[in-house]
Structure formats: structure tokens, C-alpha cells
Amino acid sequence: MKITSSYYGNILILGRTNVGKSTLLNLLINKKISIISHKKNTTNNNIIGVYNNDIYQISFIDTPGNIFYKNKIFNLFKNYEYNYILFILDKNRWNYIEENFTKIFSKINIPIILIINKVDQIKNKNILLSYINFIQKKIKIFHLFIISAKYKLYTNDICSFICKHLPKQKHFYSSSYITNQTDKTIIKEIIRENIMKFLHKEIPYNIKIKVVFPKNLLNKLYIFLLVNKINYKKIIIGKNSKNIKLIKKRSEQNIEKFFHKKIILNIWIKIK
Ligand SMILES: Nc1nc2c(ncn2[C@@H]2O[C@H](COP(=O)(O)OP(=O)(O)OP(=O)(O)O)[C@@H](O)[C@H]2O)c(=O)[nH]1
Ligand SMILES: [Mg+2]
């Protein structure tokens, strides 16, 4: 009998809000488990997404962009050990936020895989040379990828590169494990993504979502959107119920795609 070795590693995904961390995670594990939005601070929890094949298993940890808020970044290093950090940059953007990340990197001894994302938006690619030169003076880079996560450009080799550099050790999760998100959280996050898509300004940040699974009604879910202003309720509903209908329809479609079963959402808006 042929005995094959197994390889496993934890990879932490870091970068400012909106750089495309969640977009990349979903792409790498080939499943949409982390919501995406053009608005700031979309991800608000650490989300584990697992890449699996027979020999290699990678646990990616997607993080909120506002990780320095309340020093959340330090908790990240309390419970886990990481083999690599995927540090994501938005084109050639660099300011105090990236500086703060480099300060953290100088204190920990974890190899950094640098990802320059959104390359589709860079017209003159020559600017990248001086940018990379600049970054090399700040961070010791283990490897560099220049990609577009949204348009899947130059992203094919990321997982295979990581696999080649994983330590030989047992897989931590079963081969069918995809994420640490519960079904309820995934449903909540899908609704939140659509709320962020169809409602503007501060509204999405002021809605609490509660999901209730009624007993014996397998394909029906009650969703409560809790808001603290009557005005918000009106905006969520929209003219001729346009907004709420869109949120309901798209959320049902996305939930159905994720769980491969038909779901009906019964949405109620309540003033707290
Ligand atoms: N043009 C372009 N847009 C991208 C690319 N990758 C991601 N985006 C867009 O950037 C926005 C932010 O993407 P997210 O994946 O939600 O960013 P994030 O880093 O997870 O943001 P937070 O969760 O707030 O920290 C979305 O509108 C994405 O569609 C890319 O390669 N090119
Ligand atoms: Mg995110």
C-alpha cells in the first residue's frame, strides 16, 4: 500500500479594508463564504475558509480590515500559529495603515507573502517597479504575487505555491470541512451583503439581523431586521417596497446557491 504524506498550514490574510481580502479568500477556496462589498468594513469577524485536496490542506483566516480597532490584531496571535501571512495591498496604496502592519510584522517571525491586488486598475504597470522597491525596504517578502482577485488574473498559482511550502503534518480539519461559519451566520452574512448592496450611507451599519428557523418548516426562515429609527424602516422598505423586495430576492437566490436548496425568507423590520 502506498502511504502519501499530508501537509497542512494556517495562513492569515491581512490588509486594510476594501483591498479585496474576502474576494481573494472566496477565490482560493472556490466557495463564497465571506461577503464582499465596495463599502468599508464589510468583514467583521475572523472567517476560516479551508482549501482541501487529498494531500494538502490550507486553513485561510480572513480578517476585518479595521483590525487595529480596539487592538483586535493582537488577539489574532494569541490562539493560533500561522505558517504564512498573505498581506494584501490595494494597487500602490501605502499610508499609515500599511505602516502599522509593518510594525506588527517586525515583531513576529512569520514569512510574508505579498499580494498586490487590483492590478486591473493600474494602467501604467511601470509604477509597480518602484513601488515594489519601496516595499522591499519595509518588509522582508517571502514571495510576491501581482493579481486581480476580482477578475481572476494571475491567481492560479497562489494555492499551489503555498502547498509547496507547507510543513508535513496531519490535516487539522476533515476533508469536507469548508468554514467555521454556522449555517445561521452564513444566512445572516448573505442578507447583510445584500443590505450593503442595496442600501446606502450609514443605513447598513445600523441594522441588526436576527435569523429564526421555525420548527418543522424546513424551507422557510424568519428574518428580523432591527433598527433604532422609524426613518430607517422607511428607507429599508423603499418606494413601492423596491428595496426590501430586492434584498429578499437576491438573498434567497444567494442562500439557495450556497445550500443547494430552496429557501423562502419572511422579512420583518422592527424598531428596537
Ligand atoms: N477592480 C477590482 N476590484 C476588486 C478586486 N478585488 C476586490 N475588488 C473589489 O473591492 C471591493 C472590496 O472587496 P472585499 O473583498 O470586500 O474587501 P476586503 O478587503 O475583504 O474588505 P473588508 O472586509 O472591509 O476589510 C469590492 O467591491 C470588490 O469587488 C480586484 O482585483 N480588482
Ligand atoms: Mg472582507
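Here the structure is shown first, and the text comes after it.
Keep in mind it's a predicted model, so treat the numbers as computed, not measured. (Residues numbered from 1 in each chain as written. Chains lettered and ligands numbered in written order. Predicted model: local features only at pLDDT ≥ 70, side-chain atom pairs only at ≥ 80, totals over all residues. Heavy atoms only, no water.)

Caption draft 1: Broad picture of the pattern of salt bridges. Taken as a whole and assessed by the stated rule, the structure comprises eight salt bridges. Lys-32 is paired through a salt bridge with Glu-193; the nearest N and O atoms lie 2.7 Å apart. With Lys-32 in the loop between α1 (21–29) and β2 (47–52) and Glu-193 in helix α6 (residues 183–198), this residue pair connects regions lying 161 residues apart in the sequence. Residue class for Glu-193 comes out buried when judged on its relative accessible area of 5%. One salt bridge in this structure joins Glu-189 and Arg-192, with 2.9 Å as the shortest N-O distance. Placement of the pair is Glu-189 and Arg-192 together in helix α6, with a separation of three residues, close to one helical turn. (Salt bridge = Lys/Arg side-chain N within 4 Å of Asp/Glu carboxyl O. Helix = DSSP H or I, 4+ residues; strand = E, 2+ residues; numbered from the N terminus. Buried < 20%, exposed > 50% of the residue type's maximum accessible area, 1.4 Å probe, protein only.)

Caption draft 2: Looking closely at the environment of Cys-163. Structurally, Cys-163 can be placed in helix α5 (residues 157–164). The spatial distance from the C-alpha of Cys-163 to the C-alpha of Val-212 is 40 Å, given a sequence separation of 49 residues. Beyond its immediate chain neighbours, meaning those up to four positions away, Cys-163 contacts Tyr-51, Tyr-56 and Ile-58. (Contact = heavy atoms within 4.5 Å.)

Caption draft 3: Focus on a positive patch on the surface. A cluster of basic residues, Lys-184, Lys-188, Lys-208, Lys-210, Lys-270 and Lys-272, forms a positive patch at the surface. Of all the elements in the fold, those that place two or more residues in the positive patch are α6 and β7 (208–212). By the secondary structure assignment, Lys-184 is in helix α6. (Patch = residues over 30% accessible without salt bridge, like charges linked within 9 Å, V, L, I, M, F, W, Y side chains within 5 Å. Areas by Shrake-Rupley, 256 points an atom, 1.4 Å probe, with all protein chains shown as cover. Lys, Arg positive; Asp, Glu negative; His and termini not counted. Charge placed at Lys NZ, Arg CZ, Asp CG, Glu CD.)

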